[in-house]
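Letter by letter, the chains look like this.
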Amino acid sequence: MNTNVLLLTPYSFTNYGGVQNQVNLIEEYLDNHHQFNVKVFAHGKFDSLNNEKIYNIPFNSSISSVMLFPDNDLLEDCLNWADVIHIHEPFVPLIFWRLPKNKKYVFTHHASLNKFILFLLKIIYRLFSFNSISTHVSIEAKSNALALSKKSELIPNMIKINKDAKFSKSDGYLFIGRQEKRKNFNFFNMLSKEDNFRENKFIAITNKRISTDNIEFFLKPTESEKYEIFQRTNIYLALNTKRESFGITLLEAVNNGNLAITSDLPAFKNVLINSHVVYENKSYSSLVSLLSSISGSNIEKLWNHQFSDLNNYDLDKNMEKFIYIYSKL
């Protein structure tokens, strides 16, 4: 008999991010697995929810687009259908939604939170008791998980590894992310105006254009368009300054032939644990110095090391852990 798995998240899929990426991957995997039936309860994924109001809430140095008050009848139908309910970022569902106590839950925690928020969460979560197992996507997200549960298992963000991936021979820099202060698009813009890098292409996948002739912008490209963009660059720059718990775009870039160069945030260094290439966080001179020091075959050699690190995030290997958890509840 098949197991019905409901993937549930408050995040809207009309504003795409790392959590949504993982929900999509898990849905696709389970949909192709003979032992499971799967549904996704989320705005932008469930047709009947697409007219629900979305709230853009400042949180964790970013803007989170979340559904606070879904249709209760539809939610109840989906919860009753499910044998296992897998919730990605449980705070909003636990506080604002009606979740029955007699169901089996998996809570996956994605965010890295500051100590004050964690303190508040520990107090709030004492009100709830569920038959559940907690997981976290990174070392940085573990404290978030432990605010709800006494223990949590690390199951990192996942990716379908492109076995045919090759290092891109193009000569360009890529930025991916919203133009928020912590994403540090300003460094990318400054680099594009440096005389030493004028021969390089500068491409940004972001949420808005600025007035510049040095950067080519793409807003909400499709997956096929993103693949074509990756083929036009060979270095992905993750310039973030704070509040990162993982960095799924690092995996995407490496998986598509780009070397990932990042600020030295612990989350980024832990993702590419054996192969990170980093500059000093918030130091523009350190970034310029690093980019000026690497070239040619050296870049490809560095990328090969990073591609080997992708094995830690293989979709098939890590989904086996979730399937074991589903069976254990």
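As the structure is a prediction and not an experimental result, all values here were calculated from the model.

A. Up close: the layout of surface pockets. In this structure, the largest pocket occupies an estimated 1,400 Å³ of space. Of all the secondary-structure elements, those providing two or more residues to the lining of the largest pocket are α1 (18-31), β3 (55-59), β4 (62-66), β10 (201-206), α7 (223-230) and α8 (248-255). Its residues assigned to classes, the lining of the largest pocket shows 16 nonpolar, 23 polar and eleven charged.

B. Region of interest: the packing of α1 against helix α12 (residues 315-328). Packing of α1 against α12 leaves a shortest axis separation of 11 Å and a crossing angle of 75°. When the axes of α1 and α12 are compared, the pair comes out roughly perpendicular. On the side of α1, the interface is formed by Leu25, Ile26, Tyr29 and Leu30, while α12 contributes Leu315, Asp316, Met319, Phe322, Ile323 and Tyr326. Its residues placed into classes, the contact of α1 with α12 shows nine nonpolar, no polar and one charged.

C. Region of the structure containing empty space enclosed by the protein. Per the stated rule, a full pass over the model turns up one cavity of 30 Å³ or more. Roughly 50 Å³ of internal volume is contained in the largest cavity. Lining the largest cavity, in full, are Gln22, Ile26, His88, Thr108, His110, Val137, Ile155, Pro156, Asn157, Met158 and Phe322. When the residues that make up the lining of the largest cavity are grouped by side-chain class, the tally is six nonpolar, five polar and no charged.

D. Structural context of the sheet that holds strand β6 (residues 104-109). Sheet architecture is open: six strands sit in the order β2-β1-β5-β6-β7-β8, paired in parallel fashion. Where the open sheet ends on each side, the last strands, each with one partner, are β2 (36-41) and β8 (153-154). With five bridges connecting them, strand β5 (residues 84-88) and β6 associate as parallel partners. Paired with isoleucine 87 across the two strands is phenylalanine 107, which belongs to β6. Taken strand by strand, α1 contacts β1 (3-8), β2 and β5, and its axis lies near 155° from that of β2. Sheet strands in contact with helix α2 (residues 72-81) are β1, β2 and β5, and its direction is about 140° off that of β1.

E. View of the environment of isoleucine 299. Within the fold, isoleucine 299 resides in helix α11 (residues 297-309). Isoleucine 299 sits 132 residues away from phenylalanine 167 along the chain, and the two C-alpha atoms are 8.9 Å apart. The residues touching isoleucine 299, leaving out its near neighbours within four places in the chain, are Phe167, Ile235, Leu259 and Ile294.

F. Broad picture of the sheet that holds strand β13 (residues 259-263). With respect to topology, six strands assemble into an open sheet ordered β11-β10-β9-β12-β13-β14, the strand pairing being parallel. For this open sheet the edge positions go to β11 (216-219) and β14 (277-279), each flanked by a neighbour on one side alone. Within the sheet, the average angular offset between the axes of one strand and its neighbour, ignoring direction, is 25°. Inspection of the sheet shows β10 paired to β11 by four bridges, in the parallel sense. Pairing of threonine 206 across the sheet is with leucine 219, part of β11.

G. Broad picture of α1. Taking 1.5 Å per residue, 14 residues should reach 20 Å; α1 reaches 20 Å between its end C-alpha atoms and fits that length. Looking at α1, one finds that the buried residues are Val19, Gln20, Asn21, Gln22, Val23, Leu25, Ile26, Tyr29 and Leu30. Residues of α1 that are buried in the fold lie against β1, β2, β5, α8 and α12.

About the criteria used
- Residues numbered from 1 in each chain as written.
- Predicted model: local features only at pLDDT ≥ 70, side-chain atom pairs only at ≥ 80, totals over all residues.
- Heavy atoms only, no water.
- 1 Å grid on protein atoms, 1.4 Å probe; cavity = no way out; pocket = protein on both sides within 12 Å on 5 of 7 lines; lining within 4 Å.
- Points joined across faces, edges and corners; volume = space filled by probe spheres on them.
- Helix = DSSP H or I, 4+ residues; strand = E, 2+ residues; numbered from the N terminus.
- Nonpolar A, V, L, I, M, F, W, Y, C, P; charged D, E, K, R; others polar.
- Axes fitted to C-alpha atoms, helices over the stretch in contact; angles between N-to-C directions.
- Parallel < 35°, antiparallel > 145°, perpendicular 65-115°, else oblique.
- Contact = heavy atoms within 4.5 Å.
- Pairing = 2+ DSSP bridges.
- Expected span 1.5 Å × (residues − 1).
- Buried < 20%, exposed > 50% of the residue type's maximum accessible area, 1.4 Å probe, protein only.

Read these as geometric descriptors, not functional statements.
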